[in-house]
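# Coordinates in review
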Amino acid sequence: MTGRLSGKVAVITGAARGIGRAAALRFAEEGADIALLDIARDVPGVPYAGARLEQLEATRVAVETLGVRAMALPSDVTDTGEITSAIEAVVTGWGRIDALVCAAGIDSWGKAWELTDEQWHRMIDVNLTGVWKTARAVSPAMIAQQSGAMVFIGSVLSHRANKEFSHYTAAKHGVLGVMRAFALELAPYGVRANSVDPTVVFTDMVMNQQYLDRLGGHEGTTLAEAREYYLRWNTLPIPWLEPVDVANAALFLASEEARAITGVALPVDLGALLK
Ligand SMILES: NC(=O)c1ccc[n+]([C@@H]2O[C@H](COP(=O)([O-])OP(=O)(O)OC[C@H]3O[C@@H](n4cnc5c(N)ncnc54)[C@H](O)[C@@H]3O)[C@@H](O)[C@H]2O)c1
């Protein structure tokens, strides 16, 4: 630990697994106390298994093992009441919020003209409105402190489209816009907002059989086939990111090293956007 976030308090959504969990561990290694938010159950309409309460609890234990405080707050980022209560619990318990990472998110797929209303609304609700609701809830604490850093996890699909992901692409383009809006409006209070926009990351969101079968166009698509696909998708000869690659970028943007950076979308994309 080099203490880049010593004495700070971070709120991380989607913290039960994947990128949110990796961010929680990296931020904790650097000395931050971590409030861990996650819905920690299946999300209707999402074609792969959701995270579990035990995973949220496991992240909490792993964070505490690093010698900082941890608070697990099961909550749905689309639910104004739940997200408001969770953020109130952090402010009441620890008195401040220095960093926010919005990593809660879902995936589903379908041709743009075949998506159901349910798929569309759920996607926008979680991946876009959920980010706004979380940032809205955290803003008063950061404004009162006259400091803070928000990091939204976008995607390369914040910048380009992909077939069968019109709703996800729309939500992630929206995250880019919301990030810029928070950056603009919070700057007078010394609060920054940026996004980290990854290419494919090795997490449950994409490394599940349903997603692989969609990718390969046949049942039983293997990881080896996915590797070939993503080597073509990316530019560097690396098939996918590990969650910690995204966490490290979020850590930089949340730290004082990035004190001059706001309103910026940082692709962590293995060069995918060069294509
Ligand atoms: N995995 C990738 O390839 C990839 C690429 C680019 C961007 N992203 C983005 O990174 C973020 C994290 O995804 P991940 O890959 O870690 O996936 P993941 O499925 O492993 O983790 C997402 C977490 O968000 C939680 N979550 C879902 N809906 C929620 C809600 N309504 N309220 C609170 N928590 C909720 C889930 O329970 C889960 O723990 C997402 O925004 C995703 O869109 C992922």
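Parameters and conventions
- Counting restarts for each chain, with residues numbered from 1 along the sequence as it is written.
- Only residues with pLDDT of 70 or above have their local features reported here, since the model is predicted, and side-chain atom pairs are shown and tallied only from 80 upward, although totals for entire chains, interfaces and linings are computed over all residues.
- The secondary structure listing takes helices from DSSP runs of H or I that are at least 4 residues long and strands from runs of E that are at least 2 residues long, numbered from the N terminus.
- Each radius of gyration is computed over the set of C-alpha atoms, and the globule rule expresses the reference value as 2.2 Å times the number of residues to the power 0.38.
- As a rule, residues whose C-beta atom has 12 or fewer other C-beta atoms within 10 Å are exposed, those with 20 or more are buried, and those in between are partly exposed; C-beta atoms are placed from the backbone.
- Note that contacts rest on C-beta atoms placed from the backbone: two residues are in contact if these are within 7 Å.
- By definition, a residue lies near a molecule or strand when the C-beta atom built from its backbone is within 6 Å of it.
- By the convention adopted, Pro, Cys, Tyr, Trp, Phe, Met, Ile, Leu, Val and Ala count as nonpolar, Lys, Arg, Asp and Glu as charged, and the other residues, Gly among them, as polar.
- Strand pairing requires that DSSP identify at least two bridges connecting the strands.
- What counts as an axis is a line fitted to C-alpha atoms, over the stretch in contact for a helix, and the angles between N-to-C directions run from 0 to 180 degrees.
- Only buried residues count toward a nonpolar core: Ala, Val, Leu, Ile, Met, Phe, Trp, Tyr and Cys, linked into one set through C-beta atoms within 7 Å.
- Each angle is binned into one of four classes, with values under 35 degrees roughly parallel, values over 145 roughly antiparallel, values of 65 to 115 roughly perpendicular, and all other values oblique.
- The hand of a helix crossing depends on one turn: near helix anticlockwise from the far one by less than a right angle means left-handed, and clockwise means right-handed.
- A right-handed crossover is one whose linking path, passing over the helix from the first strand to the second, runs clockwise when the strands point away from the viewer.
- Helix span, expected: 1.5 Å multiplied by one less than the number of residues in the helix.
- To be clear, the arc concerns the directions from the helix axis to the C-beta atoms.

## Let's talk about the overall build of the protein chain
Looking only at helices and strands, the protein chain has eight helices and seven strands in total. A globule of 275 residues ought to have a C-alpha radius of gyration of about 19 Å, and the protein chain, at 18 Å, matches this closely. C-alpha atoms of the protein chain, sized along the principal axes, occupy 50 × 35 × 35 Å. Within the protein chain, buried positions represent 48% of all 275 residues. Sequence-distant contacts in the protein chain: of pairs separated by 6 or more residues, those separated by 24 or more amount to 74%.

## Concerning the site of the ligand
With respect to spatial proximity, 32 residues lie near the ligand, and among them Gly14, Gly18, Ala51, Gly105 and Thr203 are the closest. Secondary-structure elements contributing two or more residues to the shell around the ligand are helix H1 (18-29) and helix H4 (117-145). Residue classes in the shell around the ligand are distributed as 17 nonpolar, 11 polar and four charged.

## A word on the sheet that holds strand S6 (residues 191-198)
Sheet architecture is open: seven strands sit in the order S3-S2-S1-S4-S5-S6-S7, paired in parallel fashion. The open sheet is flanked by strand S3 (70-74) and strand S7 (265-268), the only strands paired with a single partner. Each strand of the sheet is rotated relative to its neighbour by a mean of 15°, with strand direction disregarded. Here strand S2 (residues 33-38) pairs with S3 via five bridges, running parallel. Paired with Asp38 across the strands is Pro74, a residue of S3. Against the sheet, H4 contacts strand S1 (9-13), strand S4 (99-102), strand S5 (148-153) and S6, and its axis sits at roughly 175° relative to S4.

## Side note on the nonpolar core
Residues Ile12, Ile34, Leu36 and Ala250 are the most contacted members of the largest nonpolar core, which totals 85 residues. Element by element, the count of residues in this core is highest for H4, at nine residues. Discounting chain neighbours no more than four positions away, the residues touching Ala250 are Ala23, Val101, Val151 and Val196.

## Details of the packing of H1 against helix H2 (residues 53-65)
Where H1 meets H2, the closest approach of the two axes is 9 Å, and the angle between their N-to-C directions is 15°. As the angle between them shows, H1 and H2 are arranged roughly parallel. Like other packed secondary-structure pairs, H1 and H2 cross with a definite hand, here right-handed. Listed contacts from H2 to Arg21, Ala24, Leu25 and Ala28 of H1 are Thr59, Ala62 and Val63. A per-class count over the contact of H1 with H2 returns five nonpolar, one polar and one charged.

## So, the pairing of S4
Going residue by residue along S4, you find Ala99 and Val101 tucked away on one face and Leu100 and Cys102 tucked away on the opposite face as well. As defined by bridge partners, S1 adjoins S4 across four bridges and the pair is classed as parallel. Along S4, the bridge assignment pairs Val11 with Leu100. The handedness of the S4 to S5 crossover, carried by H4, is right-handed.

## Things to note about the packing of helix H3 (residues 80-94) against H4
The N-to-C vectors of H3 and H4 enclose an angle of 30°; their axes lie 9 Å apart at closest approach. Regarding the angle of H3 to H4, the classification is roughly parallel. The two elements H3 and H4 cross, and the hand of that crossing is right-handed. Contacts from Thr80, Ile83, Thr84, Ile87 and Val91 of H3 reach H4 at Lys133, Thr134, Ala137, Val138 and Ala141. Counted by class, the contact of H3 with H4 contains six nonpolar, three polar and one charged residues.

## Observations regarding the pairing of S5
Counting buried positions over the six residues of S5 gives six, a clear majority of the element. Of the two faces of S5, the one lined by Gly148, Met150 and Phe152 and the one lined by Ala149, Val151 and Ile153 are each fully buried. Where S4 lies against S5, four bridges are found, and the strand directions are parallel. By the bridge assignment for S5, Val101 is matched with Val151. Examined bridge by bridge, S5 and S6 share six bridges and lie parallel to one another. Looking at the pairing, Ile153 lines up with Val196 of S6. Each parallel crossover has a hand, and for S5 linked through helix H5 (residues 166-186) to S6 it is right-handed.

## Examining H2
With 13 residues, H2 ought to run about 18 Å at 1.5 Å a step, and its terminal C-alpha atoms sit 18 Å apart, in line with that. If you check which residues of H2 are buried, you get Leu56, Thr59, Arg60 and Val63. Burial along H2 is one-sided: seen end-on, the buried residues are contained in an arc of 100°. More than 90 degrees from the buried face of H2, the exposed residues found are Glu54, Val61 and Thr65. For H2, the elements touching its buried residues are H1, S2 and S3. Immediately beyond the C-terminal end of H2, within one or two residues, lies Gly67, with a positive phi of roughly 95°.

That's the geometry; what it means functionally is another story.
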